[in-house]
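Descriptive structure summary
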Amino acid sequence: MLPGELEVPMSMEEFRLIRDLINAYCGIFFADDLKFVVHRRLAPRLAALCLETFADYHRHLRYDPGRRAEYEEIVERVTTNETYFFREAYQLDAFRDEILPEIAARPRPGGRRLTVWSAGCASGEEAYTVAILVLESGLFQPAQVHIFGNDISRRVLQLARKGIYGRASFRQTDERYLRRYFREAPGGYQVRDEVRAMVSFGQINLIDLDGVALLPEVDVIFCRNVLIYFDAESRKRAVGTFHSKLVHGGYLLLGHSESLMNLSTAFELCHLKNDLVYRKP
Amino acid sequence: MELDEVRRALQSDDEEARHAALAGVPADGALEALQLLVEAMGDESWRVRKEAVSRVTAWPRPEEAAAGLIVALGEDSNIARRNAAVEALGLVGRPAVPLLLDALQVGVVSRKLVIDALGVIGDARAVGPLSAALRDADANLRAAAAEALGHLGRREAVPALQAALAAGDLLTRLAALEALNRLGASVPYHILAPLLGEPVLRRAALEALGFAGDAGALPDMIAALADRSRGAREAAVTALQALHAMVSSEVSALIEDHLHAAPAAALDGLCATLASDSRALRRSAAALLGWARRAETLPALCQLLRDEGTQDVAADAMVAFGERAAEPLQALCPELDPDLRALIFELLPRLGTAAAAPQLCELLARATADDEPEPAAAAARALGLIGQAVGLPRGPGPVAGLFQALGREGQVASAAAAALGAIGARAYDEVHTLVAAHGLGGPIGPYLCRVLGACGRAEDRRLLLGALRDESAVLRRAAADALSGLGGEPAVTEALVFALSDESISVRAAAARALGALGAAAAAPALAAVALGSSHEGGDRDDEPPVRAAALRALGLIGDPAALPALRALATNADGALASIALEMLGRLGTADDEPVLHAGLRHDDTEAVKAAARALGTRASATARAAVCEALGHPRWDVRRAAAEALASSTDAASRAALRARLEVEADELVRQAITQALAQRG
């Protein structure tokens, strides 16, 4: 809906009350200068719920028995899910060439295995990229590899499970990988079954401890360009969760503009040839 | 940690050790410790430098810290320390100003860095010395002084800066021009015109034309929209918008005429600016294109609708085209993707009578059958708005299209129902004939109820009362909702009161809402019983919070004092939804006897209830009520403090005023500060 005479105004007070509820629900934080984004994306919800004002909407989010569904609707509307295969290649090189061999060399009761968590996986490109890199490395048997992807948005998880992607998702993908790990399908290319078999997806809110408890301990966590949407408190909670889920010696890979500065001192900085990553001591 | 130990640690090769050592510097104010911190400001690691700056600026005697920092400005061998010292002096602020002004006069340390620091601090005492520095023999110093004066934001610097525009060197003139722009100072066009020919000054001079307020500059500004330099083009865009905002309506019309007649290259320059990384620039360029009203730019403006940061201004620009936009937009629509089609449909009603053109309405009618729900819903909304505002063209197409759309999925059907309702308010017979012919049964029945509710005709009550007895709960709820807009009569009240016994929660809540909206006083006892729930002896058994909340609110809207016992009983309910409504309604209807209940509301666990209690107490005249609201000014939640400040706006006593002032002294939240300031202003 366009702004102007068609739209219900949103006061700064209403914005902050609703913004705080969104933040408490999923950690995503909107600074004051992003009021217009929240306003425009949520304005259609008033008509859909037969509400007249954003104060009514705030009340709906506080008290309505069906409010959980509305929070999920909000997540669909306010989250940014832009991603693609083989994003930030230098970091993926570090994962394939340095992290995977190091993990493979660890003595493990029950033999070699690998568990990776793609935290905030959106439509799944990152999780499948990880699976492809593991296959390419040849260091692990597919059956020994478990890759988990989570997101809070149902819509993107549906896309991830389907595994069909349009051209935009392959902007950084080598033709060789495209031929080997994807097949043509209506609407684009579908991830081949052997890759999909390595990846599981679930609807988990990163700041919901009960949800995260459903994941096993993992060797590597990718959480790239997700925490940037959170406020400091939610970032700390998420990073605390990552720490609890990583095995000792496990790796945390953040986006290129992200760091743990002022968030956690529980990780050590690990200087790899291709990248700087964090490791749980 | 002893100072020697700190000194040793600061020599370590390990960045972490040096960073940690700073935490060990004693904060007892010993001069040696300060020197160590200033020394550390030159560390090779930015983290260590940042930490050192933070500790120096927290030094207990700021003048002493400033003196140490000014000495560091003379450090030629360590640029990092000098830069850190400028940053730190800015953070020390006003206490550093006298020392910096002395240093500027004496000239032992770098005067340029002293000027930079004064610019960062922004204190008015520096205006005179900096203005004098504009005449210094050193060109770098002159430029630094001009830049600092721009940062100071003091208009008394304008004459000196304007005089500096006549300086011999480009550097000083550029810095002076940029400072004047920063200050928003008006420099006469005849002074700026020669500067436009200097490539180095052209961008800043164009920007300055925006503040000059002289329509004589328009040809230069329009020509610059086609400049080869992007910086110049963008400056012209900014300037034209600034000029438009500051001049009379006659002159702004002249600007629009110039833009309308602008050469194609100037419009190309504007369209290129729509792709700028700067949101402000994109918005300005879109506004200018709206004033230009040239059809060939509509496709570029359409694309801007995708961007949330510019969507509103792009829409305004297209609406500014008026009827000229109708045909080109109609031609564009089939080529656009569904999202963009939907956005175009949404803005069509704003074209006024031009939107009611038969071809455009036919296009919208066909679009209600679009495979994609977004454009279909948008087309329905557009038809509703056009039909309501100016009426639809003759012929069955649009209304029939909307009727068909009622059978589609959620958002399309909702939009079509709202549209038919809006059209029905103007062309009732046309809409009603279709509804009556279909009846309220079947899957589209609930939507047809909505249509009748929006039409607002009393003669449709009978049809809706029948629907209130239907086997479908969805239809019964829709009928109750619709009846709320059709005016009250005993038969409607009776039916809605009986609907409070419906087995469906949503029907009961809708009936309660409708009774409230109709102001049905006869329903007050029944609503009170529902609101009280099973805790009420002899009352209804309704324990569903949404139903009880709706009943409570209805009681408040009806305004019957008989509702007071129920409101009082629920004001302390543990459920925040119920308590907050009861407290709000007590604020409207209650008496002095209710004050204890309102005071208790301030201690509720739910902040919505606390806010409602504060607002209700704000309507009371007693000193105890005001004192309680004053106390709420210190609540940990910002929204409660804001509600308390708003509640005190009508109080005239000295104690409330003092409490508001005291809170303003310490309040950090901007919204709360605004509310306090407004409350104080309201009472003079």
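Computed from a predicted structure; not experimentally measured.

**Some details on the overall build of chain A**
Helices and strands together make up the secondary structure of chain A, namely 11 helices and 10 strands. The C-alpha radius of gyration of chain A comes to 20 Å, within 12% of the 19 Å expected for a compact globule of 281 residues. Within chain A, buried positions represent 54% of all 281 residues. Relative to all contacts within chain A whose residues are 6 or more apart in sequence, the contacts with residues 24 or more apart total 74%. Taken as a whole, chain A presents about 12400 Å² of accessible surface, with 50% of it coming from carbon and sulfur.

**Looking at a negative patch on the surface**
A contiguous patch of negative charge, built from D339(B), D371(B), E372(B), E374(B) and E409(B), is present on the exposed surface. With respect to the helices and strands, D339(B) occurs in helix α23 (residues 338-347).

**Section: the pairing of strand β9 (residues 268-271) of chain A**
Residues and elements named next belong to chain A. Relative to strand β10 (residues 276-279), β9 runs antiparallel, the two sharing four bridges. Counterpart to E268 in the pairing with β10 is R279. Between β9 and β10, which pair antiparallel in sequence order, lie four residues.

**Details of the domain arrangement of chain A**
When the parts come together, some accessible area is lost, and that loss is often what is quoted as the size of the interface. Residues and elements named next belong to chain A. According to the domain assignment, chain A contains domain 1 (12-78) and domain 2 (89-279). With centres defined by C-alpha atoms, the gap from domain 1 to domain 2 works out at 30 Å. At the boundary of domain 1 with domain 2, total buried surface from both sides reaches about 910 Å², with 46% on carbon and sulfur atoms. Connecting domain 1 to domain 2 are two salt bridges. Here R155 makes a salt bridge to E76, at a shortest N to O gap of 3.6 Å. Joining domain 1 to domain 2, the criterion identifies eight residue pairs in polar contact (both at pLDDT 80 or more). Every element with two or more residues in the side of domain 1 that touches domain 2 is listed here: α1 (12-26) and α4 (67-78). Broken down by element, the residue count for the side of domain 1 that touches domain 2 peaks at four residues, all from α1. Class assignment for the residues of the side of domain 1 that touches domain 2 results in six nonpolar, two polar and two charged.

**Considering the sheet that holds β9(A)**
All names here are of chain A. Reading across the sheet, the seven strands line up as β6-β2-β1-β7-β8-β10-β9 and stay open at both edges, with mixed pairing between neighbours. The open sheet has two edge strands with one neighbour each: β6 (199-203) and β9. With direction set aside, neighbouring strand axes in the sheet form an average angle of 25°. In this structure, strand β8 (residues 246-254) lies alongside β10, joined through two bridges in antiparallel fashion. By the bridge assignment for β10, Y251 is matched with R279. Docked against the sheet, helix α7 (residues 154-162) engages β2 (145-151) and β6, running at close to 165° with respect to β6.

**Quick look at the packing of aromatic side chains**
Counted according to the given criterion, the structure contains 13 aromatic pairs over all chains. Look at Y177(A) and Y181(A): their rings are 6.3 Å apart centre to centre, the planes differ by 45°, and that puts the pair in the tilted class. Here Y181(A) and Y177(A) lie together in helix α8 (residues 175-181), a separation of four residues that amounts to about one turn. Every member of this aromatic cluster is reached through a ring pair, and the members are F85(A), Y128(A), Y165(A), F170(A), F182(A), Y189(A) and F201(A). Taking the ring centre of W638(B) as reference, the NZ or CZ of R16(A) above it sits at 3.9 Å. Lying over the aromatic face of Y428(B), R457(B) brings its terminal NZ or CZ to 4.2 Å of the ring centre.

**Some details on the packing of helix α3 (residues 31-40) of chain B against helix α4 (residues 46-57) of chain B**
Residue and element names in this part refer to chain B. For the pair α3 and α4, the least separation of the axes is 8 Å and the interaxial angle reads 145°. α4 is crossed by α3, and the crossing has left-handed handedness. Residues L34, L37, V38 and A40 of α3 form the contact with α4, whose own contacting residues are V48, R49, A52, R55 and V56. Of the residues belonging to the contact of α3 with α4, the class tally is seven nonpolar, no polar and two charged.

**Regarding the interface of chain B and chain A**
Listed per partner, the contact involves 33 residues of chain B and 20 residues of chain A. Between chain B and chain A, the buried area comes to about 2300 Å², and carbon and sulfur atoms account for 54% of it. Taken together, chain B and chain A are joined by five salt bridges. One salt bridge connects E13(A) with R642(B), and the closest N-O pair in it is separated by 2.7 Å.

**Let's talk about helix α2 (residues 35-48) of chain A**
Helix length check: α2(A), at 14 residues, gives a terminal C-alpha distance of 20 Å against a target of 20 Å (1.5 Å per residue), a fit within 8%. Along α2(A), the sharpest kink reaches roughly 35°, centred on L42(A) and followed within four residues by the proline P44(A). Every buried residue of α2(A) is accounted for by F36(A), V37(A), V38(A), H39(A), R40(A), L42(A), A43(A), R45(A) and L46(A). The secondary structure elements touched by the buried residues of α2(A) are α1, α3 (54-63) and α4 of chain A together with α19 (279-292) and α21 (311-320) of chain B. At the C-terminal side of α2(A), C50(A) shows a positive phi close to 55°.

**Examining the sheet that holds strand β5 (residues 188-191) of chain A**
Hydrogen bonds between backbone atoms are what pair the strands of a sheet, whose relative direction is either parallel or antiparallel. Residues and elements named next belong to chain A. Strand order across the open sheet formed by three strands is β3-β5-β4, with antiparallel pairing between neighbours. The outermost strands of the open sheet, each flanked by one partner alone, are β3 (164-165) and β4 (182-185). In this sheet, β5 lies alongside β3 in antiparallel orientation, the contact comprising two bridges. If you follow I164 over to β5, its bridge partner there is Q190.

**Things to note about the nonpolar core**
Counting 259 residues, the largest nonpolar core has L100(B), L161(B), L259(B), L329(B), L496(B) and L527(B) as its most contacted members. Apart from residues lying up to four places away in sequence, L161(B) is in contact with L134(B), A146(B), L149(B), A176(B), A179(B), L180(B) and L183(B). Judged by nonpolar contacts, the second largest core, of 46 residues, contains V239(A), L246(A), L252(A) and F267(A).

**Thoughts on the environment of R237(A)**
All names here are of chain A. Mapping R237 onto the fold places it in helix α11 (residues 232-245). Looking at R237, the relative accessible area reads 41%, which means it is partly exposed. Taking C-alpha positions, R237 is 25 Å from H271, a pair spaced 34 residues apart along the chain. Here I207 takes part through its backbone oxygen, which lies 2.8 Å from a polar atom of the side chain of R237.

**Some thoughts on unusual backbone geometry**
Most peptide bonds take the trans configuration, and most residues that are not glycine carry a negative phi. Residue and element names in this part refer to chain A. In this structure, F86 is a non-glycine residue whose phi angle is positive, near 55°. Within the secondary structure layout, F86 lies in the loop between α4 and α5 (89-104). A relative accessible area of 7% places F86 in the buried class. In this structure, N262 takes a positive phi of about 65° despite not being glycine.

**Points about helix α18 (residues 264-273) of chain B**
Along α18(B), the positions that sit buried rather than exposed are A266(B), L267(B), G269(B), L270(B) and T273(B). Angularly, the buried residues of α18(B) cover 155° about the axis, an arc narrow enough to put them on a single face.

**Digging into the pattern of salt bridges**
In the structure shown here, the tally under the stated rule is 65 salt bridges over all chains. Of the charged contacts in the structure, one is a salt bridge between D312(B) and R283(B), with a shortest N-O distance of 2.8 Å. Placement of the pair is D312(B) in helix α21 and R283(B) in helix α19, with a sequence separation of 29 residues. The buried category is assigned to D312(B), whose relative accessible area is 16%. Across the salt bridge formed by E646(B) and R642(B), the nearest N and O atoms sit 3.5 Å from each other. Of the two residues, E646(B) and R642(B) are both situated in helix α41 (residues 638-647); the distance of four residues between them amounts to about one turn of the helix. With relative accessibility at 13%, the residue R642(B) sits in the buried group. Through salt bridges that share partners, R62(A), D606(B), E608(B), K611(B), R637(B) and D639(B) make up one connected network.

**Overview of the packing of α19(B) against α21(B)**
Residues and elements named next belong to chain B. One can describe the packing of α19 onto α21 by two numbers: an axis separation of 8 Å at closest approach and a directional angle of 10°. When the axis of α19 is compared with that of α21, the two are roughly parallel. Listed contacts from α21 to R283, A286, A287 and G290 of α19 are D312, V313, A314, A317 and A320. Across the contact of α19 with α21, the residue classes break down as six nonpolar, one polar and two charged.

Definitions and cut-offs
Residues numbered from 1 in each chain as written. Chains lettered and ligands numbered in written order. Predicted model: local features only at pLDDT ≥ 70, side-chain atom pairs only at ≥ 80, totals over all residues. Heavy atoms only, no water. Helix = DSSP H or I, 4+ residues; strand = E, 2+ residues; numbered from the N terminus. Rg over C-alpha atoms; globule rule 2.2 N^0.38 Å. Buried < 20%, exposed > 50% of the residue type's maximum accessible area, 1.4 Å probe, protein only. Contact = heavy atoms within 4.5 Å. Areas by Shrake-Rupley, 256 points an atom, 1.4 Å probe, with all protein chains shown as cover. Patch = residues over 30% accessible without salt bridge, like charges linked within 9 Å, V, L, I, M, F, W, Y side chains within 5 Å. Salt bridge = Lys/Arg side-chain N within 4 Å of Asp/Glu carboxyl O. Lys, Arg positive; Asp, Glu negative; His and termini not counted. Charge placed at Lys NZ, Arg CZ, Asp CG, Glu CD. Pairing = 2+ DSSP bridges. Domains from an automatic or database assignment. Buried area = accessible area lost by both parts, 1.4 Å probe. Polar contact = N/O pair within 3.5 Å; in protein donor to acceptor, adjacent residues only side chain to side chain. Nonpolar A, V, L, I, M, F, W, Y, C, P; charged D, E, K, R; others polar. Axes fitted to C-alpha atoms, helices over the stretch in contact; angles between N-to-C directions. Phe/Tyr/Trp six-rings, centres within 6.5 Å; stacked < 30°, edge-to-face > 60°. Lys NZ or Arg CZ within 6 Å of the ring centre and 35° of its normal. Left-handed = near helix turned anticlockwise from the far one by under 90°. Expected span 1.5 Å × (residues − 1). Bend = angle between axes of the 7 residues up to and from the residue. Core = buried A, V, L, I, M, F, W, Y, C linked by side-chain atoms within 4.5 Å. Arc of directions from axis to C-beta. Parallel < 35°, antiparallel > 145°, perpendicular 65-115°, else oblique.

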